[in-house]
Amino acid sequence: MTSSPARWTTAELAEDSAISAAEFRTERLAVTGAWESHYQAARSKFELLFQKLSNLNPGGVTDANLTDAYGSGLGEALRYLAGPPISDDDLQVIANVDSLAPGVLKKKPEEVRKVFEVIERVIDVHRFPWIETGTNPTDQERDAALLASSVLLAAQRIATERRVEGKDGQETRVKDYLRSQGFTEVPTATITTIVKGPQPMQFCAECLLGERKADVVVRLHDTRLMAIECKVSNSATNSVKRLNNDAAVKAEYWLKMFGTSQVVPAAMLSGVFKVMNLEQAQQRGLALLWAHDLDKLGLFIESTR
DNA sequence: AAGACAATCTATCGGCACGA
DNA sequence: TCGTGCCGATAGATTGTCTT
């Protein structure tokens, strides 16, 4: 007799989603210093860039200076001189160069030239008004440009950091919890049949289960595999994507691929989710767990003895 | 031969725009 | 106003290539 993960009632889902959203609220409002450090890091980059390119003065931007700037890892800051900033991918296409890697550009000054020609054409005149007049910036102009540019870059960095942290943080919590329950992590494996992968009292991370990657895979006591997807959503709009488009799709794939009696697809949730989406995903065979209540994971694992 | 660097691929969440 | 599809910006892993 196999044990199934709990199916939550609407009321239970509503309660947990409220707790989860409250936790998100608290975390987002907490002062972490992340903004401060990203701002400072960005500011330093632009200051260095200004220095290397003589405040973007006409004449200060030579091929040698540009190559030097790229070599110092300032290509990123360079992209952010554009209004609006150009992404790495876009710049490569628009400038029509083969590579934006510093080592490659170092040997091809003409490629650097092409890159800067693009930047020049789309440079943000709101931040760098002195470029148009061909004069030196006033101290205020220079400072305003540094401020605005640093904020622009730092904001993007924060957004990216949140994406990575949301996932990694949650995955780490799950793994730590499993360890606390006596499980041992084993190296990532490609799991083609149900007997492969983690053995009793083991789990692995980032395993390829069939043809889809699972964040954490645990061997249950009754030999089934539990595939846990870690999902962070910070808005109700995105809850449907994370749950129904990402996790439930994989759940259905695994259930079909390995059979309903062999795998237990689950999603570990934190952040903001809509109750309706939770119900839909659960309906589709996805077991729901909350990062704020990891003991439920332990209880289920125990129930498979 | 080793280590640095570059290219490629895939995954993350977030946000916009469109249509019901 | 709401639900949905699509895409953007980036990180990290892996694989490939070049230097020293």
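For chain A, the name recorded in an unreviewed UniProt entry is XamI family restriction endonuclease, with Pseudomonas saxonica as its organism.

Some words on the overall build of chain A
A tally of helices and strands in chain A yields twelve helices and seven strands. At 25 Å, chain A has a C-alpha radius of gyration far larger than the 19 Å of a compact globule built from 305 residues. Its C-alpha atoms give chain A principal-axis dimensions of about 80 × 40 × 30 Å. Taking all 305 residues of chain A together, 43% fall into the buried category.

What about the nonpolar core?
If you look at the biggest cluster of nonpolar residues, it comprises 34 residues, and the most contacted ones within it are F46, L49, L56, L78, L81, L91 and F128. Elements with a minimum of two residues in this core: α2 (34-52), α3 (63-71), α4 (75-79), α7 (109-122) and α9 (139-180). Setting aside anything within four residues of it in sequence, one finds L56 in contact with F50, V61, L81, I123, F128, W130 and I131.

Overview of the protein's contact with DNA strand C
Around DNA strand C, the structure places 13 residues, and the nearest of them are Y80, T160, R163, K241 and K274. Of everything in DNA strand C that lies within 4 Å of the protein, sugar and phosphate atoms constitute 69%. Between DNA strand C and the protein, one listed contact pairs a phosphate oxygen with a side-chain N or O atom of Y80 at 2.7 Å. Within the side chain of K274, a nitrogen or oxygen atom sits 3.0 Å from a phosphate oxygen of DNA strand C. For the surface near DNA strand C, the secondary-structure elements that each account for two or more residues are α9 and α10 (236-258). Counting residues per element, the surface near DNA strand C draws most heavily on α9, at five residues.

Concerning the pattern of salt bridges
One pass over the full model with this rule turns up 15 salt bridges. A salt bridge links K296 to D293, with the shortest nitrogen-to-oxygen separation between them at 2.5 Å. Its relative accessible area of 31% is what places K296 among the partly exposed residues. In this structure, the salt-bridge partner of E302 is R305, at a minimum N-O distance of 3.0 Å. R305 sits in the exposed class, given a relative accessible area of 65%.

Quick notes on the packing of aromatic side chains
Across all of its chains, the model carries four aromatic pairs by this definition. Both rings, one in F50 and one in F128, keep their centres 6.2 Å apart while their planes meet at 55°; by these two values the pair is tilted. You can see F50 sitting in helix α2 and its partner F128 sitting in the loop between α7 and α8 (130-133), a full 78 residues away along the chain. For F50, a relative accessible area of 1% gives the class buried. Between F50 and W130, the aromatic rings sit 6.3 Å apart at their centres with planes inclined by 75°, giving edge-to-face as the arrangement. Highlighted residues: F50 in helix α2 and W130 in helix α8, separated in sequence by 80 residues. The exposure classification of F50 matches that of W130, with both residues buried.

Let's talk about the environment of V275
As for its position among the elements, V275 is in helix α11 (residues 275-283). Assessed through its relative accessible area of 24%, V275 is described here as partly exposed. Residues V275 and D16, 259 residues apart in the sequence, show an inter-C-alpha distance of 9.4 Å. Once residues within four sequence positions are removed from consideration, V275 is found in contact with T10, L13, A14 and S17.

Digging into the domain arrangement of chain A
Where interface size is quoted, it is often the accessible area lost as the parts come together. The domains assigned to chain A are domain 1 (10-30 + 182-303) and domain 2 (33-159). Placing a centre on the C-alpha atoms of domain 1 and another on those of domain 2 gives a separation of 42 Å.

Calculation rules
- Residues numbered from 1 in each chain as written.
- Chains lettered and ligands numbered in written order.
- Predicted model: local features only at pLDDT ≥ 70, side-chain atom pairs only at ≥ 80, totals over all residues.
- Heavy atoms only, no water.
- Helix = DSSP H or I, 4+ residues; strand = E, 2+ residues; numbered from the N terminus.
- Rg over C-alpha atoms; globule rule 2.2 N^0.38 Å.
- Buried < 20%, exposed > 50% of the residue type's maximum accessible area, 1.4 Å probe, protein only.
- Core = buried A, V, L, I, M, F, W, Y, C linked by side-chain atoms within 4.5 Å.
- Contact = heavy atoms within 4.5 Å.
- Near = heavy atom within 4 Å.
- Polar contact = N/O pair within 3.5 Å; in protein donor to acceptor, adjacent residues only side chain to side chain.
- Salt bridge = Lys/Arg side-chain N within 4 Å of Asp/Glu carboxyl O.
- Phe/Tyr/Trp six-rings, centres within 6.5 Å; stacked < 30°, edge-to-face > 60°.
- Domains from an automatic or database assignment.

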